Amino acid sequence: MKILVADKISAKGVAYLREQPGFEVVEAYGSSPEQVLELVKDVHAIAVRSETKITREVLDAAPELKVVGRAGVGVDNVDVEAATERGVVVMNTPSGNTIATAELTFTHLLCGARPVPQAAATMKAGKWDRKAFAGVELFHKTLGIVGMGRIGGEVAKRAKAFGMRVVAYDPYLAPSRAKAMQVEGVELDTLLAESDFITVHMPLTDDTKYMIDEAALEKCKSGVRLFNCARGGIIKETALIAALKTGHVAAAGLDVYEDEPLAVDSELRSLPNVSLTPHLGASTAEAQAAVGVEIAEQITDVLKSGVIRNAVNMPSIDGAALKVLGPYLDLGTKLGTLVQQISPAQIAALKITYWGKIVDLDANAVTRAIQRGFLRRISADDVNDVNAPFLLKSLGIEAEVTKSNSDSDYTDLIQVEVVDGEGTSHRAVGTLLGKAQQPRIVGINGREVEVAAEGKLLVLENLDLPGMVGEIGTLLGRAGVNIADMSLSRLVQGETAYMVVRVDSEPKEAAREEIKAHPKIKLAKFVQL
Ligand SMILES: NC(=O)c1ccc[n+]([C@@H]2O[C@H](COP(=O)([O-])OP(=O)(O)OC[C@H]3O[C@@H](n4cnc5c(N)ncnc54)[C@H](O)[C@@H]3O)[C@@H](O)[C@H]2O)c1
Ligand SMILES: O=C(O)CC[C@@H](O)C(=O)O
């Protein structure tokens, strides 16, 4: 397996990848977009920080690619939508650089209060100016934090230690968390009006882009100080520059910019009341060691054992959860495959119902496994848990999931049902049996059956007449096919019965045609699980 380390991650992370038997690691830093297109053509994984852009074009040029690992939080340099369509897992390392970024933010806050960088520059220039660099204190000032996630939370703790009042705006901030952190959850306008210092800590999204623009700045106190160590574009640069010039914003500290690297002639570089750092939030020895090793381990887990952690384009399952969910994933895949093979081609909806213990587990992964199983034989694309929901949608098949609390005879049941264009439903029900949690099929199209969910099955609907089992047995015997297991079911005596026969080998075409053409057999499907 080939792994491209496209941006500089920690030596420990690279060493971890190199130690893995069967891994070939290519380190190529600072490559041009054209070079990246060439480098990715046979890679299975790419590790990046924020420099290398993993665009749709790059993904198209990488047919073997399984995973893009971001050593850091923001995945804005990766086209996640295109990756999802292609079934490529995109993962990040959400917490390894939290402290580093919180500490850099606090450094900027302190430099916004006390112009240390500006004073230091004059000292280097041989001056001794004690008048030009008076500052303000953080003590008893109000800090407004927009985005109270991991980094916002760590900044809040440090601000409390400095004796600041902390107000926070975050639509997803639970009152209990605000209380535990001793911060006041407020509306954005209140935060803008009451804060002496404002720092932003959320991703750049359609909602957060230019959240701090001219109108927002007008709502701020005169002399407010602003900080952004999250993503360029949350604070509108032109509005900030104008407000820094008038002094409405007394000082600013920025680590991130609308365009990176920041243009050489950006006005921000020449304003005296701004401290700038070149996207250094995560640049500490500790953070880089942490995220480098974390991403190397995560990439290895995906490629070697299929274990996915910290994926941003699918639900992740940790090792403990995988142990519990594993048998359900197997059953789900098989039910999806079975239903696809017993139903017609024109499907309008794929409906999944869960009963029993599974209802209380995280069934998202099982749902994806069912969808993957269903699509396995019908999609031209490589189907996996990442792209299965997307591919289903692109085929115009509606997905529906229900968790039922009604009673059932089994500890767990999963029903997979497809509805065709005419509203006719085809379904299979499965469960896990015994201590070994063996996947069993216990229902097909409303008939109770009982057969192991594995191998090759012959699903028959035949007239309920004496001698049918013998006739099928003879037919299969003549074709040299051994029966491993068999289950019979009927609803009304003398009408039709279902026979599910597990066979050791697939009947040859001629035998299949003979079975299909048998006058007493209404339906015959050969299923491979
Ligand atoms: N400068 C750097 O080098 C550096 C390093 C690490 C992280 N970051 C960036 O910092 C940001 C925060 O990282 P984190 O790890 O704390 O993320 P996080 O996911 O833990 O926190 C983000 C918070 O933003 C909140 N949020 C989302 N939309 C919002 C909105 N419209 N208004 C207000 N709040 C909103 C979320 O509820 C969440 O609490 C990210 O953009 C990340 O990429 C930068
Ligand atoms: O890799 C970096 O140095 C930047 C990381 C940072 O922007 C992030 O979102 O984690």
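For every chain, the first residue of its written sequence is number 1, and the numbers climb from 1 along that sequence. A letter from A marks each chain and a number from 1 marks each ligand, given out in the order of writing. In keeping with the predicted nature of the model, local features appear solely for residues at pLDDT of at least 70, side-chain atom pairs appear and are counted solely at 80 or more, and the whole-chain, interface and lining totals rest on all residues.

Q: Teacher, can you tell me more about the domain arrangement of the protein chain here?
A: Many structure descriptions define interface size as the accessible area lost when the parts assemble. Boundary definitions for the domains trace back to an automatic or database domain assignment. Each assigned domain of the protein chain is listed with its residue range as follows: domain 1 (2-94 + 286-305), domain 2 (98-276), domain 3 (315-451) and domain 4 (455-529). Centre-to-centre separation of domain 1 and domain 4, based on C-alpha positions: 50 Å.

Q: Quick question: what am I supposed to make of the environment of Val339 here?
A: In this structure, Val339 sits in helix α13 (residues 319-342). To sort residues by burial, count the other C-beta atoms lying within 10 Å of each one's C-beta; a count of 20 or more means buried, 12 or fewer means exposed, and anything in between means partly exposed. C-beta atoms are built from the backbone. By C-beta crowding, Val339 is classed as buried, having 26 other C-beta atoms within 10 Å. For the pair formed by Val339 and Leu350, sequence separation is 11 residues and the distance between their alpha carbons is 9.6 Å. In this description, any two residues whose backbone-derived C-beta atoms lie within 7 Å of each other are considered to be in contact. For Val339, the contacting residues outside a window of four places in its chain are Phe374, Val416, Val418, His426, Arg427 and Ala428. Helix and strand assignments come from DSSP, with helices taken as H or I runs of at least 4 residues and strands as E runs of at least 2, each series counted from the N terminus.

Q: Could you clarify how one ought to interpret the site of ligand 1 in this entry?
A: The full set close to ligand 1 counts 31 residues, and Gly74, Gly147, Gly149, Met202 and Gly281 are the nearest of them. Every element with two or more residues in the shell around ligand 1 is listed here: α5 (98-113) and α7 (150-161). Note on residue categories: nonpolar means Ala, Val, Leu, Ile, Met, Phe, Trp, Tyr, Cys or Pro, charged means Asp, Glu, Lys or Arg, and polar means any other residue, Gly included. Class assignment of the residues belonging to the shell around ligand 1 gives a composition of 14 nonpolar, 12 polar and 5 charged. Of the residues that make up the shell around ligand 1, three or more belong to each of domain 1 (2-94 + 286-305) and domain 2 (98-276). Nearness here has a simple definition: the residue's C-beta atom, placed using the backbone, must lie within 6 Å of the molecule or strand.

Q: Where do I start with the pairing of strand β10 (residues 224-228) in this structure?
A: Two faces make up the sheet, and in a regular strand the side chains alternate between them. Of all 5 residues in β10, 5 are buried, a share of seventy percent or more. The alternating pattern of β10 places Val224, Leu226 and Asn228 and Arg225 and Phe227 on opposite faces, both of which are buried. Bridging between strand β9 (residues 197-200) and β10 involves 4 bridges; their strand directions are parallel. By the bridge assignment for β10, Thr199 is matched with Phe227. Pairing between two strands is assigned when DSSP locates at least 2 bridges connecting them. One ladder, built from 5 bridges, connects β10 with strand β11 (residues 249-254); its direction is parallel. Bridge pairing in β11 links Arg225 to Ala251. Here is how to tell: hold the view so the strands point away, follow the path from the first strand over the helix to the second, and if it runs clockwise the crossover is right-handed. Read as a crossover between parallel neighbours, the route from β10 over helix α11 (residues 237-246) to β11 is right-handed.

Q: Looking at this model, I keep getting lost on the site of ligand 2. Mind explaining?
A: Neighbouring ligand 2 are the residues Arg49, Ser50, Gly72, Val73, Gly74, Asn97, His279, Gly281, Ala282 and Ser283. Of the residues contributing to the shell around ligand 2, the split by class is 2 nonpolar, 7 polar and 1 charged.

Q: Hey, could you run me through helix α1 (residues 11-19) in this one?
A: Taken together, the buried positions of α1 are Gly13, Tyr16 and Leu17. Considered in projection along α1, the buried side chains sweep an arc of 95° and stay on one side of the axis. Across from the buried face of α1, at angles greater than 90 degrees, the exposed residues are Ala11 and Glu19. It is the directions from the helix axis to the C-beta atoms whose arc is reported.

Q: Any chance you could explain the nonpolar core here in plain terms?
A: As a rule of thumb, soluble globular proteins bury nonpolar side chains together. Counting residues in each nonpolar core, the largest one holds 142 residues, and the members touching the most others are Ile46 and Ala47. Sorting elements by how many residues they give to this core places helix α12 (residues 285-305) first, with 8 residues. With residues near it in sequence (within four places) discarded, Ala47 still touches Ile3, Val5, Ala6, Ile9, Gly69, Ala71, Ile295 and Ile299. A set of buried residues qualifies as a nonpolar core if it consists of Ala, Val, Leu, Ile, Met, Phe, Trp, Tyr and Cys joined through C-beta atoms within 7 Å.

Q: For this particular structure, what's the right way to read the packing of α5 against α7?
A: A packed helix pair is summarised by two numbers, namely the angle formed by the two axes and the spacing between the axes. In this description, a line fitted to the C-alpha atoms serves as the axis of each element, helices being fitted only across the stretch in contact, and the angle between N-to-C directions of two axes falls anywhere from 0 to 180 degrees. At a closest axis distance of 9 Å, the pairing of α5 and α7 adopts a crossing angle of 50°. The angle between α5 and α7 places the two elements in the oblique class. Like other packed secondary-structure pairs, α5 and α7 cross with a definite hand, here right-handed. Touching Thr98, Ile99, Thr101, Ala102, Thr105 and Phe106 of α5 are Arg150, Ile151, Glu154, Val155 and Arg158, all from α7. A breakdown of the residues in the contact of α5 with α7 according to their chemical character gives 5 nonpolar, 3 polar and 3 charged. Each angle receives one of four descriptions, namely roughly parallel if under 35 degrees, roughly antiparallel if over 145, roughly perpendicular if within 65 to 115, and oblique otherwise. What makes a crossing left-handed is the near helix being turned counterclockwise from the far one by less than a right angle; a clockwise turn instead makes it right-handed.

Q: Explanation requested: unusual backbone geometry in the structure shown.
A: Across the chain, the bulk of peptide bonds are trans and the bulk of non-glycine residues have phi less than zero. A cis geometry characterises the amide bond from Glu260 onward to Pro261, with omega recorded as -5°. A positive phi is found at Gln182, a non-glycine position, where the angle reads about 55°. Summarising the element assignment, Gln182 is placed in the loop between α8 (175-180) and β8 (184-185). With 12 C-beta atoms counted inside 10 Å, the residue Gln182 sits in the exposed group. A positive phi angle, near 50°, is found at Gln437, a position not held by glycine. Positionally, Gln437 belongs in the loop between β16 (425-433) and β17 (438-444).

Q: I tried to follow the sheet that holds strand β19 (residues 456-463) on my own but got confused; where do I start?
A: Within a beta sheet, neighbouring strands are joined by backbone hydrogen bonds and run either parallel or antiparallel to one another. Reading across the sheet, the 4 strands line up as β20-β21-β19-β22 and stay open at both edges, with antiparallel pairing between neighbours. The open sheet has two free edges, formed respectively by β20 (483-490) and β22 (521-528), since each of these has just one partner strand. Ignoring which end each strand starts from, the neighbouring axes of this sheet average 15° apart. Bridging between β19 and β22 involves 7 bridges; their strand directions are antiparallel. Bridge pairing in β22 links Leu458 to Phe526.

Q: Got a minute to help me understand the sheet that holds strand β3 (residues 45-48) in this structure?
A: Spatial strand order, β2-β1-β3-β4-β5: 5 strands in an open sheet with parallel pairing. Whereas interior strands pair on both sides, the edge strands pair on one side only; in this sheet they are β2 (24-27) and β5 (89-92). Neighbour-to-neighbour, the strand axes of the sheet open up by a mean angle of 15°, direction not taken into account. Of the strand pairs in this sheet, strand β1 (residues 2-5) and β3 are connected by 3 bridges, and their pairing is parallel. By the bridge assignment for β3, Ile3 is matched with Ala45. Its contacts with the sheet put α1 on β1 and β2, and the angle it makes with β2 is roughly 150°. Across the sheet, α12 touches β1, β3, β4 (67-70) and β5, and the angle it forms with β4 is around 165°.

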